[in-house]
Every structure is written in C-alpha cells, then in structure tokens.
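# Coordinates in review
Read off the chains here:
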Amino acid sequence: MEAPQYVAARVKSALAEDERTSELGILVDIRGEQLFLRGQVADARRRALIADVAEEAAPGLTVRNEITVLDVRDPCEEEKL
C-alpha cells in the first residue's frame, strides 16, 4: 500500500495539472481507505469536476467531497467611499 502522503500529493498534483480543474486551493487528506476533499469553490459543477479528478488519481479510495460552494453574487449597489 502506498503511503497516504504520497497519494495526497498525487491527487493535489492531478488537481493542479488537469485542464478541467487547474485547482491549487483544495486540501486533500487521506484517512484509511477514504480521501477527503476540503475547500471552497464558486459552483457545483466545479465541485463535481474536482471529485472526478480525485477519483481518477486515487482509484480504490472512497472520495468524501466536503468542498463547499460559495454563494457568489454581483454587488447589489455601488459602494460609495
């Protein structure tokens, strides 16, 4: 069995290098046979793509996607300084 820190590094590298994600801000944690993804993204589609890339990079582990989707909105009104 590969050491957990090597699996986590491989997944982080895949998330950064895969053109679908190009993601640097996701935390990857391996606990036993589970891979946890934590962080924040702008939409649910991106959240799902990150999980897909992680599953491909670490087959055989159960991916627990704990990434939260931020509620990003346009400003309601102009800010006055």
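Above: the structure in question.
Everything numeric here is computed off the predicted structure, so don't read it as measured data.

Inspection of the sheet shows strand β1 (residues 27-31) paired to strand β2 (residues 34-38) by five bridges, in the antiparallel sense. Its bridge partner being in β2, Asp 29 is matched across the sheet by Phe 36. Turn length for the β1-β2 hairpin, with the two strands adjacent in sequence and antiparallel, is two residues, and the turn residue Gly 32 shows positive phi of about 65 degrees. Both β2 and strand β4 (residues 62-65) contribute to a ladder of four bridges, which runs parallel. By the bridge assignment, Leu 37 is partnered in β4 with Asn 65.

A word on the pattern of salt bridges. Across all of its chains, the model carries seven salt bridges by this definition. For Arg 10, the salt bridge identified is with Glu 2, shortest N-O distance 2.6 Å. Here Arg 10 falls in the partly exposed class, since its relative accessible area comes to 35%. Ionic pairing is found between Arg 31 and Asp 29, a salt bridge with its closest N-O pair at 3.0 Å. Judged by its relative accessible area of 53%, Arg 31 is exposed. By sharing partners, the salt bridges in this structure join Asp 29, Arg 31, Arg 38 and Glu 66 into a single network.

Scoring rules and cut-offs
- Residues numbered from 1 in each chain as written.
- Predicted model: local features only at pLDDT ≥ 70, side-chain atom pairs only at ≥ 80, totals over all residues.
- Heavy atoms only, no water.
- Pairing = 2+ DSSP bridges.
- Helix = DSSP H or I, 4+ residues; strand = E, 2+ residues; numbered from the N terminus.
- Salt bridge = Lys/Arg side-chain N within 4 Å of Asp/Glu carboxyl O.
- Buried < 20%, exposed > 50% of the residue type's maximum accessible area, 1.4 Å probe, protein only.

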